[in-house]
Amino acid sequence: MKKCTEFDDRLDTLRAMGPRDYERRIGESRQLQDDCLRAGCERHYVHAVLVEAHSYVYQGEYERALQRLYEVLPQAEQCGDDRALINTKKLMAESCFQIGNFTDALELFFEILPTAENNEDKRLPATILLSIGRAHLVLNNEVDGLKYCRMALDLFKELDFTSGIYAATINIGIAHVQTENLDKAVEVFSGVVKQTDEETTAHQLAPALNLLGSLHTKRGALREAAPILQRALDLAAKINDRYTECDALKYLTELELAQGRLDEAANYCRRCYEIAEQSKYKKLVCAAHRLFTEIYEKQGDQAAALASFRRFHELERELLNADTQNISNSMRLRFENEKALRDAEIQRLRNVELVNLNNQLEEVNHDLASSNSQLNAMNQEKSLFMRTLKHDLLSPLKHVIFYAEELDDGFDRFSNTQMLDYIRNVKRQSADLHTMVDTLLSASLIELGEFTIEFEVVEAAAVVRNCIARWQKTADEKRISIRDNLNEDVLIRANQVHFRQIVDNLLSNAVKFSPFDGNISVSLEMPGDSMVRLSVRDSGPGLTESDRNKLFQMFKRLSAAPTGGEKSHGIGLAFVHRIAGAMSGRVRCESEPGQGALFVVELPRA
């Protein structure tokens, strides 16, 4: 009991430490964790880890915080302290929110909300409701965002908790901004400013002034915006809030631009840039370059405008890549934690069975081995799926975003030819992304047994000829000859859309892997009474034995590379194999290294 009281006192001391003491706070919390483990006090150990993780969150090291929180989660679930468990998952959710993983954040918030509502600290459910509302607003779901923010506001008002009332009201104002209800947003922010005491809550008032001033600028009320933004700037400088000060300078730059006062805009923008660069506020540095581009362009300095424009897009891409990496790391930590928990549970069951069921040892070991094999297969497929999402799906999406931003930011500077080229690039990348996602999801649904096929009578030759026509241009670019021998009377029992997907995938592979000046032959015949045979032969490098063994597996890339630098995602042939099987057909391949490849699909005759 004496030891627990000592641990409580040490925890209170750690929690009271300010931002400047966070490094010492982390070191002392680790020492407390060691002492708690030696004393066998699991509950205080969990709270000590929470102090460490909170320090990481404050310093912006969200992945590091998540790693420690996932490690301590099993102890938090077992120690019998609801508050420890709630705070563990709440801090996990807040870390996921900060790195942009809003789906996991919302899942965690909703998971702990019922327990929080029964907790003696009534501010806890209000805080969670506000976090849920903020997540919905970031996801542009303004209706649910407003609903949860208002629920949080009502609870904070019941508790007379000023800081919570302020935060909920600000987010309600942001929701009105997102729905373009600017008058209502101005009303909300004006009310916050009037009710906020500058002497005691300056750190809350300054950001609210920034939001109100920027809204007046958007509405064209420039005279009203100027004194509000200047007050925000002065107040932020007074309390040494560098981020809010930098934000105020950004909004003042936009205000001066709206009034056509370019020299004043340049001065504000330069001060904004200097603070952002010195304080490493990368998003504000990016915003400053965007504003510099507009200023220089209006001043007629095209060279400086172009340089700022390029730097702006470089930073935008860096920020996008960083966000993507953070989300990927967050999901990786979650999968690793789930695997560790499954492994721990399997080990627990193994020990129980070894003690209590000696006579069934062989059967239990067999079941465990089968479970482990399935888990490993699931983990491998998850890992491959995540890598495919990151590298193959995000790549065309980044291009679409880049070209769209180029058109948005430089609409009046591009010629019609340049704009048409950008639009075609967006269409091509979007089409590639749509095809890939559709193929991936269809293949997965077939594997799960949730894929429904509507059978019909299909004129196979017409479909094949149409597909050849679509691929002819790509083949011509590589000087590849496509010869066909199609039986016009062939009718198959299949689905026309899915049969076309099979033909498209086989022709796509044949064109990708055939060399320049190569040959492709396509035939359609009826070798018997029940089946129709589609054959596609290419003149590519052929397949090794290793390639043939993994030919129809998802996400498996083969040793041969496309001859024209085309992309290969490793899902096309797996899809062909699965969709053919779903239509009561079969696929096989005949190939030797250096001899090209022959792919044969057999489907039921109508």
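Definitions and limits used
- Residues numbered from 1 in each chain as written.
- Predicted model: local features only at pLDDT ≥ 70, side-chain atom pairs only at ≥ 80, totals over all residues.
- Heavy atoms only, no water.
- Helix = DSSP H or I, 4+ residues; strand = E, 2+ residues; numbered from the N terminus.
- Buried < 20%, exposed > 50% of the residue type's maximum accessible area, 1.4 Å probe, protein only.
- Contact = heavy atoms within 4.5 Å.
- Areas by Shrake-Rupley, 256 points an atom, 1.4 Å probe, with all protein chains shown as cover.
- Pairing = 2+ DSSP bridges.
- Axes fitted to C-alpha atoms, helices over the stretch in contact; angles between N-to-C directions.
- Salt bridge = Lys/Arg side-chain N within 4 Å of Asp/Glu carboxyl O.
- Expected span 1.5 Å × (residues − 1).
- Bend = angle between axes of the 7 residues up to and from the residue.
- Core = buried A, V, L, I, M, F, W, Y, C linked by side-chain atoms within 4.5 Å.
- Phe/Tyr/Trp six-rings, centres within 6.5 Å; stacked < 30°, edge-to-face > 60°.
- Lys NZ or Arg CZ within 6 Å of the ring centre and 35° of its normal.
- Parallel < 35°, antiparallel > 145°, perpendicular 65-115°, else oblique.
- Left-handed = near helix turned anticlockwise from the far one by under 90°.
- Nonpolar A, V, L, I, M, F, W, Y, C, P; charged D, E, K, R; others polar.

## Things to note about the overall build of the protein
A tally of helices and strands in the protein yields 22 helices and seven strands. By the burial criterion, 45% of the 606 residues in the protein qualify as buried. The contacts of the protein with a sequence gap of at least 6 include a subset with a gap of at least 24, amounting to 63%. Only carbon and sulfur atoms are counted for the fraction: they give 49% of the accessible area of the protein, which is about 31,400 Å².

## Quick word on the sheet that holds strand β4 (residues 519–525)
Each strand in a sheet pairs with its neighbour through backbone hydrogen bonds, running either in the same direction (parallel) or in the opposite one (antiparallel). Sheet architecture is open: five strands sit in the order β2-β4-β5-β7-β6, paired in mixed fashion. Looking along the sheet, the strands with just one partner apiece sit at the ends: β2 (481–486) and β6 (586–591). Sheet twist, expressed as the mean angle between neighbouring strand axes with direction ignored, is 15 degrees. Sheet analysis places β6 next to strand β7 (residues 597–604), joined by six bridges and oriented antiparallel. In the strand pairing of β7, S591 is matched with A597.

## Side note on the pattern of salt bridges
A complete count under the given rule lists 33 salt bridges for this structure. With a closest N to O distance of 3.5 Å, K184 and E187 form a salt bridge. Of this pair, K184 and E187 both sit in helix α10 (residues 182–195), separated by three residues, roughly a single helical turn. Residue R586 pairs with E602 through a salt bridge whose shortest N-O separation is 2.7 Å.

## Quick look at helix α4 (residues 62–78)
Taking 1.5 Å per residue as the helical rise, α4 with its 17 residues ought to reach 24 Å, and the 24 Å between its terminal C-alpha atoms agrees with that figure. Of all the bends in α4, the largest measures some 45 degrees and sits at V72, one to four residues before the proline P74. Considered for burial, the residues of α4 that qualify are Y62, A65, L66, R68, L69, Y70, V72, L73 and A76. Count one or two residues on from α4 and you reach G80, which has phi positive near 80 degrees.

## Quick look at the nonpolar core
Counting residues in hydrophobic clusters, the biggest one holds 59 residues, and the most contacted among them are L32, M92, I128 and I132. With sequence-adjacent residues up to four places away left out, L32 is seen in contact with F7, R10, L11, L14 and A48. Judged by nonpolar contacts, the second largest core, of 42 residues, contains A460, V464, V490 and V576.

## Focus on the environment of H289
As for its placement among the helices and strands, H289 is situated in helix α15 (residues 282–299). H289 sits in the buried class, given a relative accessible area of 11%. Once the C-alpha coordinates of H289 and H313 are considered, the two residues, 24 residues apart in sequence, prove to be 9.0 Å apart.

## Comments concerning the side chain of S523
Considering the arrangement of structural elements, one finds S523 in strand β4. Not counting chain neighbours up to four residues away, the residues in contact with S523 comprise N485, L486, R533, L534 and S535.

## What about the pairing of β4?
The sheet contact formed by β2 and β4 spans six bridges and is parallel. Across the sheet, the residue bridging to L486 is L524, located in β4. Here β4 pairs with strand β5 (residues 531–538) via five bridges, running antiparallel. Note that in β5 the partner of L524 across the bridge is L534. Here β4 hands over to β5 after five residues, the two strands then running antiparallel side by side.

## Notes on the environment of R270
Positionally, R270 belongs in helix α14 (residues 262–279). Under the relative-accessibility criterion, R270 is labelled partly exposed at 36%. Along the sequence, R270 and K250 sit 20 residues apart, while their C-alpha atoms lie 9.5 Å from each other.

## Quick look at the packing of aromatic side chains
Counted according to the given criterion, the structure contains five aromatic pairs. Their ring planes at 65 degrees and their centres at 6.2 Å tell us that Y273 and F292 sit as a pair that is edge-to-face. Of this pair, Y273 sits in helix α14 while F292 is found in helix α15, placing the two residues 19 residues apart along the sequence. Of the residues examined, Y273 reaches a relative accessible area of 26% and is grouped as partly exposed. For F292, a relative accessible area of 7% gives the class buried. Arranged with centres 5.6 Å apart and planes meeting at 10 degrees, the rings of F292 and Y296 form a pair that is stacked. With F292 and Y296 both in helix α15, this residue pair falls four residues apart, about one helical turn. One aromatic cluster in this structure is built from Y273, F292 and Y296. Between K478 and the ring centre of F516, over which it is positioned, the NZ or CZ distance is 5.7 Å. Of note, R493 hangs over the ring of F455, and the distance from its end group to the ring centre comes to 4.1 Å.

## Points about the environment of A304
On the secondary structure map, A304 appears in helix α16 (residues 302–356). Residue A304 is classed as partly exposed on the basis of its relative accessible area, which comes to 21%. The spacing of A304 and T293 is eleven residues in sequence and 7.4 Å in space, taken between C-alpha atoms.

## Examining the packing of helix α7 (residues 123–138) against helix α8 (residues 142–159)
Axis separation between α7 and α8 bottoms out at 7 Å; the angle between their running directions is 160 degrees. Comparing their axes, α8 and α7 come out roughly antiparallel. Our pair here, α7 against α8, has a crossing hand that is left-handed. Here R123, P125, A126, T127, L129, L130, I132, G133, R134, H136 and L137 of α7 come into contact with α8, specifically with E142, D144, G145, L146, Y148, C149, M151, A152, L155, F156 and L159. A breakdown of the residues in the contact of α7 with α8 according to their chemical character gives 14 nonpolar, four polar and four charged.

The analysis is restricted to geometry; functional conclusions fall outside its scope.
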